[in-house]
Amino acid sequence: MKKRIGIGTWSWGNKLFWNYKSSNDNDLRETFNEALKRGFDLIDTADSYGTGSLQGRSESLIGKFLLVTPSALKRRIQVATKLAPYPWRFGNKGFNKPFFKSLERLNNKLDIVQLHWSTAQYNPLQEFDLLNNLCDLKDQGFNFQIGLSNIGPIRLKKLIHHLSIRDQRLKSVQVQFSLLAPELQKQYQVKEICEENNIDFYAYSPLSFGILCIDPDKEENKENSFIRDALFNNYKKQTYELRNCLKRIANQRSVSQAQVAINWCCHQKAIPLVGMRKKSQVIDISNVFNWNLNKNEFNLLQDVSKTCLKKMPKNPFSSG
Ligand SMILES: NC(=O)c1ccc[n+]([C@@H]2O[C@H](COP(=O)([O-])OP(=O)(O)OC[C@H]3O[C@@H](n4cnc5c(N)ncnc54)[C@H](OP(=O)(O)O)[C@@H]3O)[C@@H](O)[C@H]2O)c1
């Protein structure tokens, strides 16, 4: 099976956590162009990406970049957005307006529409209605596939069944999946269901917001947001062994720590969605297409990951 890697764009428009500055939009354009050139064939966004008045900025930037993308490359890349099931978006028409807005921002290039999180915990019926809404849009002739996000194994089975009644199937499911992800056993159950049903399994935050890339022996001097800085400081000490293990493998292979962490996902046939905002990051991550972890390296990472008790925070809306 061909290795696939997607581009994550949560940071494109997010000031609060990612310190987004519109003056860096040209870096994002270069990131996008380089990724397409180097064989990345999936880009993940969401209608909620972009803080405050910048909501939707990630989709708008992608739409703008697509306008001048050669048509062969445009055909190859899949654009996947996520629609947020806010409590006020309910009923089987609740997604109509947001769907058309995303379509407009993305200049009519929208291949996969994902439910951003499960509503199981606060309004269990809402997600069934919203999925019906997406099925209706497809029946009306809009050409996209359906995906889910932040879903657990029990709910996933129910929604697969629900869609089958409408003669529809899921294209993709995305959950937090990395060496530091919480509830990895649950994510493995989701992955197994995806494999049984021929659904693409996307690994989000595969670098744990960048923590896995921090050199264990050097001081970081990045211009981070206050929140990301606090997160890094909180995780540095307890993830030292894991980062040290990533660095050892990286040095033996003459690759980066980031590449090792991404190949840990690829080794398990997950499709990582890597958050990138610089051309240099795309060039680095594209090397993952050229090498694989061996069994010993993978097992070593699994062992060290298990002994690392500090995990990333859970998504509060992820279902069982
Ligand atoms: N469904 C959901 O609820 C959900 C939640 C979270 C994320 N996601 C999706 O998953 C995507 C990725 O997750 P994420 O953005 O949380 O973070 P991530 O991929 O775990 O980490 C991204 C950060 O890692 C650093 N990085 C990337 N490539 C690097 C390289 N080659 N060398 C060194 N550092 C590198 C960058 O930090 P600097 O730029 O600061 O260097 C980058 O911003 C998101 O963009 C989004 O599309 C979905």
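Below is a summary of the structure that appears in this document. (Residues numbered from 1 in each chain as written. Predicted model: local features only at pLDDT ≥ 70, side-chain atom pairs only at ≥ 80, totals over all residues.)

### Digging into helix H6 (residues 153–165)
Since there are 3.6 residues in each turn of an α-helix, residues three or four apart along the chain are aligned in direction. Between the first and last C-alpha of H6 there are 19 Å, a value that for 13 residues agrees with the 18 Å anticipated at 1.5 Å per step. When H6 is considered as a whole, its buried residues turn out to be Arg155, Leu156 and Leu159. Within H6, the buried residues cover an arc of 100 degrees as seen down the axis, which keeps them to one side. Residues of H6 that are exposed and angled more than 90 degrees away from the buried face: His161, Ser164 and Ile165. Considering only its buried residues, H6 is in contact with helix H5 (126–139), strand E5 (145–149), strand E6 (170–176) and helix H7 (184–196). Directly beyond the C-terminal end of H6, a positive phi value near 65 degrees is found at aspartate 167. (Helix = DSSP H or I, 4+ residues; strand = E, 2+ residues; numbered from the N terminus. Expected span 1.5 Å × (residues − 1). Buried ≥ 20, exposed ≤ 12 C-beta atoms within 10 Å, placed from the backbone. Arc of directions from axis to C-beta. Contact = placed C-beta atoms within 7 Å.)

### Focus on the pairing of E5
Of all the five residues making up E5, four are buried; the element is thus mostly covered by neighbouring parts of the structure. Note that strand E4 (residues 112–115) and E5 share four bridges and pair parallel. Its bridge partner lying in E5, leucine 115 is registered against leucine 148. Considered for its hand, the β-α-β crossover made up of E4, H5 and E5 is right-handed. For the crossover that starts at E5, traverses H6 and ends in the parallel E6, the hand is right-handed. (Pairing = 2+ DSSP bridges. Right-handed = clockwise from strand over helix to strand, strands pointing away.)

### Brief notes about the sheet that holds strand E7 (residues 200–204)
Spatially, eight strands are ordered E1-E2-E3-E4-E5-E6-E7-E8 in a closed barrel, and the strand pairing comes out parallel. Each strand axis lies, on average, 25 degrees off the axis of its neighbour in the sheet, ignoring direction. Pairing of strand E1 (residues 6–8) with strand E8 (residues 271–275), which is carried by three bridges, proceeds in the parallel orientation. Bridge pairing in E8 links glycine 6 to leucine 273. (Axes fitted to C-alpha atoms, helices over the stretch in contact; angles between N-to-C directions.)

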